Protein chains: 4
Amino acid sequence: MFDTNLVVVGNALTTPEWRRIASSGSLVANFRIASTARRFDRETNRWVDGNNLRVRVTAWRRLAEGIVTSVQVGDPVIVYGRLYTRDWTDDDNKARVSYEMEAFSIGHDLARGRGRFYRNKAVPL
Amino acid sequence: MFDTNLVVVGNALTTPEWRRIASSGSLVANFRIASTARRFDRETNRWVDGNNLRVRVTAWRRLAEGIVTSVQVGDPVIVYGRLYTRDWTDDDNKARVSYEMEAFSIGHDLARGRGRFYRNKAVPL
Amino acid sequence: MFDTNLVVVGNALTTPEWRRIASSGSLVANFRIASTARRFDRETNRWVDGNNLRVRVTAWRRLAEGIVTSVQVGDPVIVYGRLYTRDWTDDDNKARVSYEMEAFSIGHDLARGRGRFYRNKAVPL
Amino acid sequence: MFDTNLVVVGNALTTPEWRRIASSGSLVANFRIASTARRFDRETNRWVDGNNLRVRVTAWRRLAEGIVTSVQVGDPVIVYGRLYTRDWTDDDNKARVSYEMEAFSIGHDLARGRGRFYRNKAVPL
């Protein structure tokens, strides 16, 4: 079967944090994103808040570099990646499940501001 | 902002359960779905299991009817819907978060079997 | 960059046609799908037709088998796959562009009917 | 049924052009985007170009403003929107079909550069 891809349009709940993986030297960055749907309520004839989605985002290598130098808490962003479940055990020894997203592409949402972009030089992969 | 839509291709982990909402008479059904990604491992030159995604699916009205009469545990399915977070408090009074999906459309995956389909009669909405 | 994936919820405009690729013996099937969006018109307080999407769908191997034995013109279906452009030259020697979709998964839409499903026996890939 | 949403990760083939709708005063902008998939070829053990997708993108109001002031030809972008078919007649009086995308959100792809973002002041909608 396939990776489950999704796109989230929302706001950065945290400023991205990063670290370097010791074994490979790869950069990895994490932040949290929230998205609140708006729906038109026909009874009151107004737009109201609908469901909410919050999820932890992981980015690797160049995308990690790009967001660490560009994204701050509160920024409106669009995130495209794959969603998966991570199983873990909490302090009370209970089985727990987290949902995480590995991003392929992240950008500032130009519906909510203007941007200046400095393209990476092309380098051999 | 927008609903966060996603499509999951996987297997029904449970047979759908249903109930009728007392106030509106609407039918609602729930089941769980799991999807395991496969990725090509270049070191061993084989396909191996990648990340896993499990999520609870809710369906309403006609879609609820359709799956209650058609889907069983283990069936290969494709599910399209919107993903959201639900906040709740567990028995130890701790804040917890669940991820759920409200489905718009569900079908048996014809890459993994054959199907017979009996279309609903068109009725005024 | 990545394949551009999309999911289309609509109706089969044609019954799938199939052929076998001479060199590989692989089965390939094609049909066309149409999807019409519905939107709520606040001036008339009614649901009206929105935009329309029609696209040619290609399926390979087992998925081709599954749809050839299961899908007929008019059937409500959900199709998940990747979208791409194909460039060709028409009879007047003009450059033309087609949009096509290679499907990963196709199912009958259980929001619009009931289904019976006969799962393939597991066989080594 | 539903709008058919998709996300395209690619490059701007043109710099956005804009105009103002006389009747409403709304700003609308258009550009074209291309995305080329990369796939791993197991015979040569290399990444090679896969399918290509090119599509015309339309943006309205604030998103139009955002891209007109921010996006230039060649920029790496991520575009999220809905896909639809538009029917028209060419100069030879032949029926033709175009595929277009109305964008909900567009951003520069931070996997391929760094960005500075200037958020719009919140104003009542």
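Each remark here, short or long, concerns the structure printed above.
A short tour of the structure in this document, coming up. If you're wondering where the values come from, they're calculated on a predicted model, not measured in any experiment. (Residues numbered from 1 in each chain as written. Chains lettered and ligands numbered in written order. Predicted model: local features only at pLDDT ≥ 70, side-chain atom pairs only at ≥ 80, totals over all residues. Heavy atoms only, no water.)

## A closer look at the side chain of Arg82(C)
Residue position: Arg82(C) is located in strand S5 (residues 76-89). Since its relative accessible area comes to 13%, Arg82(C) is described here as buried. At 2.8 Å, the side chain of Arg82(C) and the side chain of Glu102(C) are in polar contact. A polar atom in the side chain of Arg82(C) sits 2.7 Å from the side chain of Asn51(D). (Helix = DSSP H or I, 4+ residues; strand = E, 2+ residues; numbered from the N terminus. Buried < 20%, exposed > 50% of the residue type's maximum accessible area, 1.4 Å probe, protein only. Polar contact = N/O pair within 3.5 Å; in protein donor to acceptor, adjacent residues only side chain to side chain.)

## Concerning the interface of chain C and chain D
Taken together, the contact between chain C and chain D spans 31 residues of the former and 31 residues of the latter. Regarding the contact of chain C and chain D, the summed buried area is about 2,700 Å², with carbon and sulfur atoms giving 49% of it. The interface formed by chain C and chain D holds 4 salt bridges in total. Among the salt bridges present, the one from Asp92(D) reaches Lys94(C), with a minimum N-O distance of 2.8 Å. One can count 12 residue pairs in polar contact (both at pLDDT 80 or more) joining chain C with chain D. Each residue belonging to the side of chain C that touches chain D can be placed in one class, and the counts come to 13 nonpolar, 9 polar and 9 charged. (Contact = heavy atoms within 4.5 Å. Buried area = accessible area lost by both parts, 1.4 Å probe. Salt bridge = Lys/Arg side-chain N within 4 Å of Asp/Glu carboxyl O. Nonpolar A, V, L, I, M, F, W, Y, C, P; charged D, E, K, R; others polar.)

## Focus on the relation of the copies chain C and chain D
Note that the two copies of the chain are related through a rotation about an axis and a translation along the same axis. It takes a turn of 180 degrees to lay chain C on chain D, together with a shift of 0.0 Å along the axis; the resulting RMSD is 0.0 Å. Those values place the two copies in the arrangement expected of a two-fold rotation axis. Among all C-alpha atoms of chain C, that of Leu6(C) lies closest to the rotation axis, at 2.7 Å. Looking at the interface residues of chain C, 100% of them are also at the interface in chain D, so both copies use one shared face. (Least-squares fit on C-alpha atoms with pLDDT ≥ 70 in both.)

## Considering empty space enclosed by the protein
What the rule picks out here adds up to 9 cavities of 30 Å³ or more. Counted as a void, the largest cavity has a volume near 210 Å³. Contributing to the lining of the largest cavity are 16 residues, with Asn5(A), Asn5(B), Asn5(C), Leu6(C) and Asn5(D) lying nearest its centre. The set of elements that each furnish at least two residues to the lining of the largest cavity consists of strand S1 (4-12) of chain A, strand S1 (4-12) of chain B, strand S1 (4-12) of chain C together with strand S1 (4-12) of chain D. (1 Å grid on protein atoms, 1.4 Å probe; cavity = no way out; pocket = protein on both sides within 12 Å on 5 of 7 lines; lining within 4 Å. Points joined across faces, edges and corners; volume = space filled by probe spheres on them.)

## Concerning the interface of chain D and chain A
Between chain D and chain A, the residue contacts involve 31 residues of the former and 31 residues of the latter. Between chain D and chain A the total buried area reaches about 3,000 Å² when both faces are included, carbon and sulfur atoms providing 60% of it. When the buried area of chain D at its contact with chain A is split by residue, Leu110(D), Arg114(D) and Phe117(D) rank highest and sum to 25% of it. Across the chain D-chain A interface, the total number found is 0 salt bridges.

## Some remarks on helix H1 (residues 61-68) of chain D
Residues of H1(D) that are buried include every one of Leu63(D), Ala64(D), Gly66(D) and Ile67(D), and no others. Taken end-on, H1(D) shows its buried residues confined to a sector of 165 degrees, consistent with a single buried face. Check the buried side of H1(D) and you find it contacts strand S7 (113-119) of chain A together with strand S3 (27-41), strand S4 (46-60) and strand S6 (95-108) of chain D. (Arc of directions from axis to C-beta.)

## Considerations on the packing of aromatic side chains
Inspection of the entire model under this criterion finds 10 aromatic pairs over all chains. Connected via pairs of aromatic rings, a cluster forms that spans Phe2(A), Tyr80(C) and Phe104(C). (Phe/Tyr/Trp six-rings, centres within 6.5 Å; stacked < 30°, edge-to-face > 60°.)

## Some thoughts on the environment of Ala34(A)
Residues and elements named next belong to chain A. Examined against the element boundaries, Ala-34 turns out to sit in strand S3 (residues 27-41). Linking Ala-34 and Leu-53, residues 19 residues apart in sequence, is a C-alpha distance of 5.6 Å. Apart from the residues within four sequence positions on either side, Ala-34 is in contact with Gly-10, Asn-11, Leu-13, Leu-53 and Arg-54.

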